[in-house]
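# Inside the fold
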2 protein chains.
Amino acid sequence: VVVGSGFGGLFAVRALRRAPVDVTLLARTTQHLFQPLLYQVATGILSPGEVAPVTREVLQRQHNATVLLGDVVDVDLDRRTVVSQSLAGALVTPYDHLVVAAGSSQSYFGDEEFARLAPGLKSIDDALEVRGRIFGAFELAERVPVGALRDRLMTFVVVGAGPTGVEMAGQIAELAQRALPRQFRRIDTRRSRIVLVDAAHAVLPGMPSRLSGAAERRLRRLGVEVLLGAPVVSMDERSVTVVTGAGSRTIPAATKVWAAGVSASPLAALLADRAGASVDAAGRVAVEPDLSLPGHPEVFVVGDMAATGLPGVAQVAIQGGRYAAEQIDRSVRCLPGRRPFHYRDKGTLATVSRFSAVAWVGRLQVTGFVAWLLWLAVHLFYLIGFKNRVSTLMHWAVTFVGGSRAERAVTSQQVLGRVALQRLEERGLSVDGVENVESVDDPRDGRPAQPA
Amino acid sequence: VVVGSGFGGLFAVRALRRAPVDVTLLARTTQHLFQPLLYQVATGILSPGEVAPVTREVLQRQHNATVLLGDVVDVDLDRRTVVSQSLAGALVTPYDHLVVAAGSSQSYFGDEEFARLAPGLKSIDDALEVRGRIFGAFELAERVPVGALRDRLMTFVVVGAGPTGVEMAGQIAELAQRALPRQFRRIDTRRSRIVLVDAAHAVLPGMPSRLSGAAERRLRRLGVEVLLGAPVVSMDERSVTVVTGAGSRTIPAATKVWAAGVSASPLAALLADRAGASVDAAGRVAVEPDLSLPGHPEVFVVGDMAATGLPGVAQVAIQGGRYAAEQIDRSVRCLPGRRPFHYRDKGTLATVSRFSAVAWVGRLQVTGFVAWLLWLAVHLFYLIGFKNRVSTLMHWAVTFVGGSRAERAVTSQQVLGRVALQRLEERGLSVDGVENVESVDDPRDGRPAQPA
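Residues numbered from 1 in each chain as written. Chains lettered and ligands numbered in written order. Predicted model: local features only at pLDDT ≥ 70, side-chain atom pairs only at ≥ 80, totals over all residues. Heavy atoms only, no water.

### So, the sheet that holds strand S21 (residues 348-353) of chain B
Residue and element names in this part refer to chain B. As a reminder, the rule being used: Two strands form a pair only when DSSP identifies at least two bridges running between them. Under the scheme used here, helices are H or I runs from DSSP no shorter than 4 residues and strands are E runs no shorter than 2 residues, and both carry numbers assigned from the N terminus. To define axes, lines are fitted to C-alpha atoms, for helices over the stretch in contact only, and angles between the resulting N-to-C directions are given on a 0 to 180 degree scale.
The strand order S21-S22-S23 describes an open sheet built from three strands, whose pairing is antiparallel. Each edge of the sheet is formed by a strand with only one pairing partner; in this case those strands are S21 and strand S23 (364-368). Ignoring which end each strand starts from, the neighbouring axes of this sheet average 5 degrees apart. Inspection of the sheet shows S21 paired to strand S22 (residues 356-361) by five bridges, in the antiparallel sense. When the bridges of S22 are listed, Ala350 appears paired with Val358.

### As for the pairing of strand S11 (residues 224-227) of chain B
Residue and element names in this part refer to chain B. Selection rule: We call a crossover right-handed when, viewed with the strands running away from us, the connection from the first strand over the helix to the second turns clockwise.
Note that strand S10 (residues 193-197) and S11 share four bridges and pair parallel. Looking at the pairing, Ile194 lines up with Val224 of S11. Taken together, S10, helix H9 (residues 209-221) and S11 form a β-α-β motif whose crossover is right-handed.

### Some words on the sheet that holds strand S9 (residues 155-159) of chain A
Residue and element names in this part refer to chain A. Stated precisely, the cut-off is as follows: Should any heavy atoms of two residues lie within 4.5 Å, those residues are considered in contact.
Taken in spatial order, the four strands make up an open sheet running S11-S10-S9-S15, and their pairing is parallel. The outermost strands of the open sheet, each flanked by one partner alone, are strand S11 (224-227) and strand S15 (255-258). For this sheet, the mean angle separating the axes of adjacent strands, direction not counted, is 20 degrees. Pairing of S9 with S15 involves four bridges; the strand directions are parallel. In the strand pairing of S15, Val158 is matched with Val257. Helix-sheet contacts for helix H6 (residues 124-143) involve S9 and S15, and the interaxial angle to S15 is about 155 degrees.

### Notes on unusual backbone geometry
Test applied: Buried residues are those whose accessible area, probed at 1.4 Å on protein chains only, stays under 20% of the maximum for their type, while exposed residues exceed 50% and partly exposed ones sit between those limits.
You will see that Leu291 of chain A, though not glycine, has its phi angle at about 65 degrees, which is positive. Along the chain, Leu291 of chain A turns up in the loop between strand S17 (285-286) and strand S18 (292-293). Within the chain, Leu204 of chain B stands out as a residue other than glycine whose phi angle is a positive 45 degrees. Mapped onto the elements of the fold, Leu204 of chain B is located in the loop between S10 and H9. Take Leu204 of chain B: its relative accessible area is 2%, and that puts it in the buried class.

### So, the pattern of salt bridges
The test is simple: Whenever Lys or Arg places a side-chain nitrogen within 4 Å of a carboxyl oxygen from Asp or Glu, that contact is recorded as a salt bridge.
Counting across every chain of the model gives 28 salt bridges over all chains. With a shortest N-O distance of 2.8 Å, Asp329 of chain A and Arg333 of chain A are connected by a salt bridge. What makes Arg333 of chain A partly exposed here is its relative accessible area of 41%. Taken together, the shared-partner salt bridges connect Arg56 of chain A together with Glu139 and Glu142 of chain B into one network.

### Here's the deal with the packing of H6 of chain A against helix H8 (residues 163-179) of chain A
Residues and elements named next belong to chain A. This is how it is decided: Throughout, a crossing is termed right-handed when the near helix is turned clockwise from the far one, and left-handed when it is turned anticlockwise from it by less than a right angle. We call Asp, Glu, Lys and Arg charged. Ala, Val, Leu, Ile, Met, Phe, Trp, Tyr, Cys and Pro are nonpolar, and the rest, Gly among them, are polar.
Their axes nearest at 12 Å, the elements H6 and H8 cross at an angle of 35 degrees. In the crossing of H6 with H8, the sense of the turn from one axis to the other is right-handed. Taken together, the residues of H8 that come into contact with H6 (itself represented by Val130, Ile134, Phe135 and Phe138) are Met168, Ile172, Leu175 and Ala176. When the residues that make up the contact of H6 with H8 are grouped by side-chain class, the tally is eight nonpolar, no polar and no charged.

### With respect to the pairing of S22 of chain B
Residues and elements named next belong to chain B. Connecting S21 to the next strand, S22, in antiparallel fashion are two residues, including Phe355 with a positive phi near 65 degrees. The sheet contact formed by S22 and S23 spans five bridges and is antiparallel. Opposite Ala359, over in S23, you have Val366 as the bridge partner. Taking the residues between adjacent antiparallel strands as the criterion, S22 and S23 are bridged by two residues, where Gly362 takes a positive phi near 60 degrees.

### Observations regarding the environment of Arg178 of chain A
Summarising the element assignment, Arg178 of chain A is placed in helix H8. Arg178 of chain A sits 60 residues away from Arg238 of chain A along the chain, and the two C-alpha atoms are 26 Å apart.

### Some details on the packing of aromatic side chains
The criterion, for reference: Two rings from Phe, Tyr or Trp (for Trp, the six-membered ring) form a pair when their centres sit within 6.5 Å of each other. Planes less than 30 degrees apart are called stacked, planes more than 60 degrees apart edge-to-face, and all others tilted. Counted as over-ring charges are cases with an Arg CZ or a Lys NZ within 6 Å of the ring centre that also lie within 35 degrees of the ring normal.
If you walk through the whole model with that rule in mind, you get 26 aromatic pairs over all chains. Between Phe138 of chain A and Phe156 of chain A the ring centres are 5.1 Å apart and the planes differ by 35 degrees, which places this aromatic pair in the tilted class. Here the residue Phe138 of chain A occupies a position in helix H6, and Phe156 of chain A occupies one in strand S9, the gap between them amounting to 18 residues. Taken as a pair, Phe138 of chain A and Phe156 of chain A share a single burial class, namely buried. Ring-pair connections join several aromatic residues into one group, and the members of that group are Tyr108, Phe109, Phe114 and Trp258 of chain A. The ring of Phe184 of chain B has Arg56 of chain A sitting right over it, with the charged end atom 4.0 Å from the ring centre. Lying over the aromatic face of Phe11 of chain B, Arg14 of chain B brings its terminal NZ or CZ to 5.7 Å of the ring centre.

### Focus: the confidence of the model for chain A
Residue and element names in this part refer to chain A. Stated precisely, the cut-off is as follows: In predicted models, pLDDT denotes the confidence assigned by the predictor to each residue on a 0 to 100 scale.
Looking at chain A as a whole, the pLDDT averages 87, with 89% of positions reaching at least 70. Taken together, the stretch residues 430-452 has pLDDT below 50 and engages in 61 contacts with residues farther than four places along the chain or on a different chain. Interface confidence for the predicted complex, expressed as ipTM, amounts to 0.87; the pTM equals 0.89.

### Brief notes about helix H6 (residues 124-143) of chain B
In an α-helix, one turn spans 3.6 residues, which is why side chains three or four residues apart end up on the same side. Worth spelling out the cut-off: The span expected for a helix works out to 1.5 Å for each residue beyond the first.
In this model, H6 of chain B (20 residues) spans 29 Å end to end at C-alpha, consistent with the 28 Å of a helix rising 1.5 Å per residue. Across the 20 residues that make up H6 of chain B, a large majority, 20, are buried.

### Some remarks on the environment of Ala277 of chain A
All names here are of chain A. Along the chain, Ala277 falls in the loop between helix H10 (266-275) and S17. Between the C-alpha atom of Ala277 and that of Val287, which follows or precedes it by 10 residues, the distance is 8.0 Å. If we ignore the near neighbours within four places in the chain, the residues touching Ala277 are Ala272, Val285, Ala286 and Pro294.

### Some words on a nonpolar patch on the surface
Selection criterion: Each patch groups residues whose relative accessible area exceeds 30% and which form no salt bridge, using 9 Å between like charges and 5 Å between nonpolar side chains of Val, Leu, Ile, Met, Phe, Trp and Tyr. Computed with a 1.4 Å probe, the accessible areas rest on the Shrake-Rupley method; for each residue, only the protein chains presented here act as cover.
On the surface, Val361, Leu364, Leu374 and Val378 of chain A cluster together into a nonpolar patch covering about 290 Å² of accessible area. Along the polypeptide, Leu374 of chain A turns up in helix H12 (residues 369-382).

### Concerning a positive patch on the surface
Cut-off, in case you're wondering: In this tally, Asp and Glu contribute negative charge and Lys and Arg positive charge; neither His nor the terminal groups of the chain are included. Charged groups are reduced to one reference atom each: NZ for lysine, CZ for arginine, CG for aspartic acid, CD for glutamic acid.
On the surface, Arg17, Arg18, Arg322, Arg344 and Lys346 of chain A cluster together into a positively charged patch. Residue classification places Arg17 of chain A among the partly exposed positions, given a relative accessible area of 47%.

Here it is as structure tokens:
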């Protein structure tokens, strides 16, 4: 059983395609999300389908793999079963080997009020919500008279200056500077204010200072205000307040985007609890050098959920998933011995805007157009599926050369649905079940035969 | 002022591009929806962006046009103003001439409970909701054991055998027969049950019997059960009940789609009330032969909202919008006389599945592949924007030749958001305002200067 359809889970399943095993992939969503391009959905460049191909389509030719939609709610390490829940009831799936790769979600460092005010960028839902808010803010600004309300509607604050925050701020600036000016008659979108704030003292903190400086200069040239060493202390509908060396500062802004931190899936804590292992501050579970859960060589934890000291990037999850698959393959073939997991760093890339990126590969530090070409090639290479590559390349041509955004239809569900959910929660009401689906009376009835 | 960004409104605005006027387009959504292809969004073929380009992008080069997002809530025929509402407050827009083209919405013939159980196909939100339910039903079916629940999950009822209903039933059948079988391991999607029901005694009732018969035969060959002369009398989470000559019949089905009727925008009744005109059973307002509101030659009502005896199709709205624009142009140029609106029927097309359609152009009745090529050409011609044509054509190639569906990422917002909204309504609570937007205190403050 593999849990999670992100980079770790999907690459583990694919690496098992020739192994003499039956694989069941349990995931909370029907799609494999290519998270590094999610910010492009949030800014109207790509469609959800392009960055999130459906997992069962990706795996349709892998006959030893079964894909099941479900939210894993329990793992029984002794009986070796995984319990998953869906709108159609619970399901108990037995396993011989388990790979858990459930990833991480946005962390608001305990302040859940921020979550409502500043959506993150971890799921398709997040990206559509952010997209609706950004384009919606410009729409409303066009309707209101000159004044404080219009200014607030035309101010965008991105919290967190890691790769996602830098990419979001850069893309909002490109929207305001290049894509939108000719489409509005009453507002000048070029006078929008885009502010990138972070508690850290550099953008792209993991990068060498030369690259980090280049990214910051490029952002400033695009008109982005970069506010470093400035942790966010409060936030409301109308503004964001940060603390700087010179005291606190309030930025009036209707739209906020959160790209400031992640915490591991709650499954990490659940596994730690079941196995008597520890979790770190980010909620990741301690693992052995072979990525296995302490005392359970048959259970692997890969990617963002494992406390390995490695960064939370796609390559760590991909290599971890493949490594776990290899150990499982060796184990079912009764081959002895396990070498510890060794991560091979292939470099780090971050893009700031069109034609401009920074790349750090081994001793090589590249900026500007060459780094951007590298970014383009690497992302196209890792995108899943030939037709997604073709259609993504087409949308990139439209956007980077022509400047327009093809995917920006805003639906009322995105905005209203989110608000409605929130209101229900405020009132302590829950949304249980969907009208066209009923629960199986006894969850254990749903226990499947082993996949054929 | 033009109200509505559908076919009637958009073509009216474009026809005024060389007229010596300032045009303000007021619309409830930011996009121009190409409704005839909405069923393709609902079945995962096209992305929302491809059938719904953003109106202000379509009109960016038309410098005499201003686009404003807003819900028209009142029209003052004496003071000649339109009041629109948005999340950022109300706005009063004065006009010299008014074109109202707010279209129609799904009609459930008074049974609003049906709306919850069987979403329609009139907006992007509808299409995403239907898409989530169809693909979600297959996902859940794969999780549950053989039995009544699985059967219900694999049964799809389409209510209404007009063009939209026929296209939906045909596409669900193609999904089940061609696109999905290899992607599931436990269910055989080819054993899905797709039922098309209608109170009428023929599919495509407006078509000649030869074409209607051909469409019905093609549907049956695809495995669709066609149940005619069978009005729906009740519906719940688990089933649909129809009355046939042989008594009532209950079809267990989790997923229902409504394509059975439309009623005009409530703006039609509002205009009728203000002008002392009458409305017909479908909520359309009576208009003069020149499409003007009785007693108000400066106000035109075009498309689905006007009781003209013409069908509710795109061509009627397009020609009506262009006609209204021409009269306005003549009027501002002080040219005398108005000829009545004359609709030129360019023919009717309906597609059943890939490579198969029916076409009725003048005396010509064509079926099969030739009709399908005609359908392809006409739809590409009327799609707005070159890049939408290219990307639509690419997705069609992928789907019609390869069989797969590129756009089927299901988000939790679509399903949960809808449920949450509904729960709030059931409890009499409303969703007012969105967190990142505040109201203008005095709505009249928002009164704009005339667009420059």
